[in-house]
Amino acid sequence: MNTKNDRASWIKGGNANCSVPPGFLRQVYRFVLMGAPGVGKGTQAELLCEQLHTCQLSTGDVFRAAKSLCAGERTPAIESALGYMKRGDLVPDETVLALVGERLRCLRCHGGFLLDGFPRTVAQAEALDKLLEREQIGLTAVLNYELPIEQVVARLGGRRTCSGCKAVFHVATRPPRAEGVCDQCGGNLFQREDDRAEAIRVRMEAYEESTLPLTDYYQRNGLLVTVAAEGSPDRIFERTLVALKGQH
Ligand code: AMP
């Protein structure tokens, strides 16, 4: 049986229903997920969903899915959001909050949630607090994955992408059989501009600068759980569970 939820209620909004409705859960987890690019946040999100049966709600995924809609199917808010996204800018708080507000039933869902990429600003966090308070829902924790910049550079800096099929390799952890050649299609492997050390440092600094007020905010609320993102994904996940137990 396919137990992977397609998250239709979140991705499509409106009256769309998820393919796998949540079952009965003794403990419902409601998380906000934070972490700079390259810290392994995506893998931890997968593990959290698999093991704690929570549902990954990414605002970026909603915008990406909207890209493939034809112009007539997009609301004006989504249309304007896509413009910001294309330019690499953050979408205005108002638009993001409208999108989340239209998906309140995902926050109410008794399968729990793992908010990914939202909130991104203190204004969004305050608005989320108000929404949750109105719904009488409490967050379990804000999981903040941290990794020293040198290790992020090592992880992302070793990445090689196929110019043909876009498969991703890593010189140390997932090397191709022949250096510089894609195992799958024989295409040339190259290093993406934004995987170069200097670009990674710029991205990390920008991330830290923009999220510092948010981590401070959740620290003050007593919800911030910082997890060292070093070692294997399983090890990081174990550390997450230990940190959650020690939270209260
Ligand atoms: P992500 O996949 O989370 O990196 O999001 C991709 C893009 O979607 C971002 O670069 C923004 O343009 C937009 N976006 C997603 N979530 C938000 C948010 N909470 N606030 C503002 N912009 C967002």
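The present account deals with the structure reproduced in this document. Everything quoted here is computed from the prediction, not taken from an experiment.

1. As for the sheet that holds strand β5 (residues 159–162)
Adjacent strands of a sheet form backbone hydrogen bonds with each other and so pair up, either parallel or antiparallel. The strand order β6-β5-β7 describes an open sheet built from three strands, whose pairing is antiparallel. At either margin of the open sheet sits one strand with a lone partner, and together these are β6 (168–170) and β7 (189–190). Packing against the sheet, helix α8 (residues 149–157) makes contact with β5 and β6, and its axis sits at approximately 25° to β5.

2. Points about the layout of surface pockets
In this structure, the largest pocket occupies an estimated 1,400 Å³ of space. The wall of the largest pocket is formed by 44 residues, among which Gly 35, Pro 37, Lys 41, Gly 117 and Arg 120 lie closest to the centre. Contributions of two or more residues to the lining of the largest pocket are made by β1 (30–35), α2 (41–52), β2 (56–58), α3 (59–67), α9 (197–220) and α10 (233–245). Here the lining of the largest pocket takes six residues from α9, the largest share from any one element.

3. Brief notes about the site of the ligand
Neighbouring the ligand are 13 residues; Thr 59, Arg 64, Asp 89, Gly 117 and Arg 120 lie closest to it. The separation between a nitrogen atom of the ligand and a polar main-chain atom of Gly 117 is 2.8 Å. One of the side-chain nitrogen or oxygen atoms of Gln 124 is found 3.0 Å away from a nitrogen atom of the ligand. Calculation on the ligand without its partners gives an accessible area of 480 Å², and the protein chains cover 82% of this total. Here the ligand occupies the largest pocket. A breakdown of the residues in the shell around the ligand according to their chemical character gives six nonpolar, four polar and three charged.

4. A short note on the sheet that holds β2
Taken in spatial order, the five strands of this open sheet run β2-β3-β1-β4-β8, and their pairing is parallel. Among the strands making up the open sheet, the edge pair consists of β2 and β8 (224–228). The sheet shows a mean angle of 25° between the axes of neighbouring strands, taken without regard to direction. Examined bridge by bridge, strand β4 (residues 141–146) and β8 share five bridges and lie parallel to one another. Pairing of Tyr 145 across the sheet is with Val 227, part of β8. Strands in contact with α2 are β1, β2, β3 (113–116) and β4; relative to β1, the strand with the most contacts, it is inclined by about 165°. Where α3 meets the sheet, it contacts β2 and β3, and its direction lies at approximately 65° from that of β2.

5. Examining helix α7 (residues 122–134)
Between the first and last C-alpha of α7 there are 18 Å, a value that for 13 residues agrees with the 18 Å anticipated at 1.5 Å per step. Three or more residues of α7 are buried, namely Gln 124, Ala 125, Leu 128, Leu 131 and Leu 132. With its buried residues spanning 120° around the axis, α7 presents them on a single face. Among the exposed residues of α7, those pointing more than 90 degrees away from its buried face are Lys 130, Glu 133 and Arg 134.

Thresholds, definitions, all that
- Residues numbered from 1 in each chain as written.
- Predicted model: local features only at pLDDT ≥ 70, side-chain atom pairs only at ≥ 80, totals over all residues.
- Heavy atoms only, no water.
- Pairing = 2+ DSSP bridges.
- Helix = DSSP H or I, 4+ residues; strand = E, 2+ residues; numbered from the N terminus.
- Contact = heavy atoms within 4.5 Å.
- Axes fitted to C-alpha atoms, helices over the stretch in contact; angles between N-to-C directions.
- 1 Å grid on protein atoms, 1.4 Å probe; cavity = no way out; pocket = protein on both sides within 12 Å on 5 of 7 lines; lining within 4 Å.
- Points joined across faces, edges and corners; volume = space filled by probe spheres on them.
- Near = heavy atom within 4 Å.
- Polar contact = N/O pair within 3.5 Å; in protein donor to acceptor, adjacent residues only side chain to side chain.
- Areas by Shrake-Rupley, 256 points an atom, 1.4 Å probe, with all protein chains shown as cover.
- Sits in = over half its atoms within 2 Å of the grid points.
- Nonpolar A, V, L, I, M, F, W, Y, C, P; charged D, E, K, R; others polar.
- Expected span 1.5 Å × (residues − 1).
- Buried < 20%, exposed > 50% of the residue type's maximum accessible area, 1.4 Å probe, protein only.
- Arc of directions from axis to C-beta.

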